[in-house]
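# Overview (structure and organization)
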Amino acid sequence: MDAGNSDGVFPSVSIFQERGAVFLSNYNVLGDGTVAALAPLLTGLKEWELPETRRRMNNSQPCDVLPFIWNEFKEAGYVTSFNEDSPGIGTFTYRLTGFTSPPTDHYMRPYYQAQDKFPKPFSKFCYRATPRHKIHYNHVRQLYQKYPKGKKFYISWASALSHGDTNSIQAADTDIRNLLSDLEADGSLKETLVMVMSDHGHRFDAIRDTFQGKLEERMPLMSFLFPPTFQAKYPAAYDKLKNNADKLTTALDIHATLKDLIELDGEEETIRKPKKGVHSRALSLFGPIPATRGCADAGIDPHWCACLNWAPLNT
């Protein structure tokens with residue numbers, strides 16, 4: 001789902017807008033597909049800068065060797081969770097080697113694999129009478145029930161509904177509204193940063209051959225809903241984030257921003273301190289990002305740069 005089309009296909013985006021979420025209007029991909037979207041965000045490196053983990057490649061290693069940021073959150077006392085509702089096309093298990101051990105404290109891949117083996121009748125969107133996305137959302141609720149006071153870093157990545165057709169994501173609209181309302185009502189979001197994002201526009205559709213489709217492919221949805229407590233404790237950092245909403249940004253910048261959030265102590269100076277493991281092309285959203293920043297500055301290859309002009313060529 002791309003940023004420009006999100007309001008139309010996913011009306012729940014409006015509830016984040018109503019609550020003051022910050023949407024990055026010039027968030028640009030670094031490559032093709034979900035790995036290119038999530039690997040830089042979670043590791044601080046582009047896929048080709050990481051150790052070899054592709055299947056059928058010589059000397060390929062399991063994805064356990066990758067420097068995932070959830071390991072740093074775990075060391076900082078967070079309970080971690082990484083879940084995808086489509087194990088057949090898992091980000092790190094489809095064309096990459098996957099994990100030899102669960103990568104996070106909670107990892108629902110075995111559960112969803114067992115679902116896929118459930119005998120007919122079977123719907124790819126449901127398990128028995130329950131939509132898959134609701135099972136996904138219920139896991140989020142269960143994390144808050146299990147660890148009501150504990151710090152949590154979790155990724156709930158849903159692709160079963162929208163991978164083939166982004167319009168289908170509308171089926172989850174009411175349920176994600178209910179999830180957010182429930183977590184708000186019981187106070188779970190008082191200290192929680194909610195990020196709503198996607199990896200790209202249409203994956204399989206004729207619109208990809210149009211100028212609009214190429215923009216959608218390169219400019220996915222990325223948004224942040226910070227709790228009022230963060231805005232009060234770190235006003236300068238939050239102002240920088242809002243000022244950077246229309247600047248050119250990438251997943252590497254999101255990784256740098258997450259690094260700034262790992263060990264908050266109430267002091268703005270902590271956020272501004274340089275962090276190890278940040279890509280040379282990355283800029284935290286809590287710091288200045290130049291309005292003149294170009295794709296080369298941000299580490300975006302020309303093919304994926306949404307700032308380029310397209311022109312027909314004789315062939």
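Up top is the structure.
Residue numbers here run from 1 along each chain, matching the order of that chain's written sequence. In view of the model being predicted, local features appear only for residues whose pLDDT reaches at least 70, and side-chain atom pairs are presented and counted only at 80 or more, with totals across whole chains, interfaces and linings using the full set of residues. Note that the side-chain values use all heavy atoms of the structure and ignore hydrogens as well as water.

### Topic: the pattern of salt bridges
One speaks of a salt bridge when a side-chain nitrogen belonging to Lys or Arg is within 4 Å of a carboxyl oxygen belonging to Asp or Glu. Taken as a whole and judged by the stated rule, the model has 12 salt bridges. Asp239 is paired through a salt bridge with Lys242; the nearest N and O atoms lie 3.7 Å apart. In this pair, Asp239 and Lys242 are both assigned in helix 10 (residues 235-243), three residues apart and thus about one turn of the helix distant. Residue exposure (1.4 Å probe, protein chains only): buried if accessible area is under 20% of the type maximum, exposed if over 50%, otherwise partly exposed. Assessed through its relative accessible area of 38%, Asp239 is described here as partly exposed. Lys275 is paired through a salt bridge with Asp260; the nearest N and O atoms lie 2.8 Å apart. Taken together, the positions of Lys275 in the loop between helix 12 (268-272) and helix 13 (295-298) and Asp260 in helix 11 (residues 251-261) put the pair 15 residues apart, joining distant regions of the chain. Only DSSP runs of H or I reaching four residues or more are called helices, and only runs of E reaching two or more are called strands; each is numbered from the N terminus.

### Observations regarding the sheet that holds strand 6 (residues 194-197)
What holds strands together in a sheet is hydrogen bonding between their backbones, with the strands either parallel or antiparallel. Two strands are said to pair when DSSP picks up at least two bridges between them. Spatial ordering of the open sheet is given by 1-7-6, a layout of three strands whose pairing is antiparallel. Each edge of the open sheet carries a strand with a single partner, namely strand 1 (22-23) and strand 6. In this sheet, strand 7 (residues 222-225) lies alongside strand 1 in antiparallel orientation, the contact comprising two bridges. Along strand 7, the bridge assignment pairs Phe23 with Ser223.

### Quick word on the nonpolar core
Leu41, Leu42, Phe92 and Ile254 are the most contacted members of the largest nonpolar core, which totals 54 residues. Mapped onto this core, the elements with two or more residues apiece are helix 3 (33-43), helix 4 (69-75), strand 5 (152-157), strand 7, helix 10, helix 11 and helix 13. Considering every element that reaches this core, the biggest residue donor is helix 11, with six residues. The definition of a nonpolar core used throughout is a set of buried Ala, Val, Leu, Ile, Met, Phe, Trp, Tyr and Cys residues joined through side-chain atoms within 4.5 Å. Membership of the second largest hydrophobic core comes to 19 residues, among which are Phe16, Ile176, Leu189 and Leu225.

### Points about the packing of aromatic side chains
Under the pairing criterion, centres of Phe, Tyr and Trp rings, with the six-membered ring standing for Trp, must be within 6.5 Å; the plane angle then separates stacked pairs below 30 degrees from edge-to-face pairs above 60, leaving the rest tilted. Considering all chains together, one arrives at 20 aromatic pairs under this definition. For the pair Trp70 and Phe99, a centre-to-centre distance of 6.5 Å together with 55° between the ring planes defines the contact as tilted. Here Trp70, found in helix 4, pairs with Phe99, found in the loop between strand 2 (79-84) and helix 5 (109-116); they are 29 residues apart in sequence, far enough to count as distant. Since its relative accessible area comes to 1%, Trp70 is described here as buried. Chaining the aromatic ring pairs together yields one cluster made of Phe68, Trp70, Phe82, Phe92, Phe99 and Tyr107.

### Some words on the state of the cysteines
The disulfide criterion used throughout: a pair of cysteine sulfur atoms within 2.5 Å. Counting across every chain of the model gives one disulfide. Two residues, Cys295 and Cys305, share a disulfide whose sulfurs are 2.0 Å apart. Given an S-S torsion of about 75°, the disulfide between Cys295 and Cys305 has right-handed geometry. Here Cys295 is found in helix 13, whereas its partner Cys305 is found in the segment after helix 13, with 10 residues between them in sequence. Like Cys295, the residue Cys305 is buried in the burial classification. This cysteine, Cys307, is not joined by any disulfide, and Cys295 carries the nearest cysteine sulfur, 4.0 Å off.

### Quick notes on the environment of Thr192
Relative to the elements of secondary structure, Thr192 occurs in the loop between helix 7 (173-185) and strand 6. The buried category is assigned to Thr192, whose relative accessible area is 13%. Sequence-wise, Thr192 and Tyr127 are 65 residues apart; in three dimensions their C-alpha atoms are separated by 29 Å. Two residues form a contact once any of their heavy atoms are found within 4.5 Å. Setting aside chain neighbours within four positions, we find Thr192 in contact with Tyr144, Leu225 and Pro227. Pairs of N or O atoms within 3.5 Å make up the polar contacts considered here, provided that, within protein, one atom can donate a hydrogen while the other can accept it, and that residues adjacent in sequence are counted only when both atoms are side-chain atoms. Of note is the side chain of Thr192, whose polar atom sits 3.0 Å from the side chain of Tyr144. A polar side-chain atom of Thr192 sits 2.8 Å from the main-chain carbonyl oxygen of Ser188.

### Examining helix 3
Of all the 11 residues making up helix 3, 11 are buried; the element is thus mostly covered by neighbouring parts of the structure. All of the buried residues along helix 3 are Gly33, Thr34, Val35, Ala36, Ala37, Leu38, Ala39, Pro40, Leu41, Leu42 and Thr43. Where helix 3 is buried, its residues contact helix 4, strand 5, strand 6, strand 7 and helix 11. Downstream of helix 3 by one or two residues, Gly44 has phi in the positive range, about 80°.

### As for the packing of helix 5 against helix 6 (residues 132-146)
Helix axes are fitted to C-alpha atoms over the stretch in contact, other axes to C-alpha atoms as well, and angles between N-to-C directions run from 0 to 180 degrees. Contact geometry of helix 5 with helix 6 gives a least axis separation of 13 Å together with a crossing angle of 155°. Regarding the angle of helix 5 to helix 6, the classification is roughly antiparallel. As for the relative orientation of helix 5 and helix 6, their crossing is right-handed in sense. Here helix 5 contributes Tyr111, Tyr112, Gln115 and Asp116 to the contact with helix 6, which in turn contributes Arg132, Ile135 and His136. Under the scheme applied here, ten amino acids are nonpolar (Ala, Val, Leu, Ile, Met, Phe, Trp, Tyr, Cys and Pro), four are charged (Asp, Glu, Lys and Arg), and all others, including Gly, are polar. The residue makeup of the contact of helix 5 with helix 6, split by class, is three nonpolar, two polar and two charged. Here is the rule for angles: anything less than 35 degrees is roughly parallel, anything more than 145 is roughly antiparallel, 65 through 115 is roughly perpendicular, and the remaining ranges are oblique. Working rule for handedness: look at the near helix, and if it is turned counterclockwise from the far one by less than a right angle, call the crossing left-handed; if clockwise, right-handed.

### A closer look at helix 7
The terminal C-alpha atoms of helix 7 lie 18 Å apart, and with 13 residues this matches the ideal 18 Å at 1.5 Å per residue to within 8%. Taken together, the buried positions of helix 7 are Asp173, Asp175, Ile176, Leu179, Leu180 and Leu183. In the segment just after helix 7, Gly187 is the residue with positive phi, at about 85°. Between the first and last residue of a helix there are one fewer steps than residues, each counted as 1.5 Å, and that sum is the expected span.

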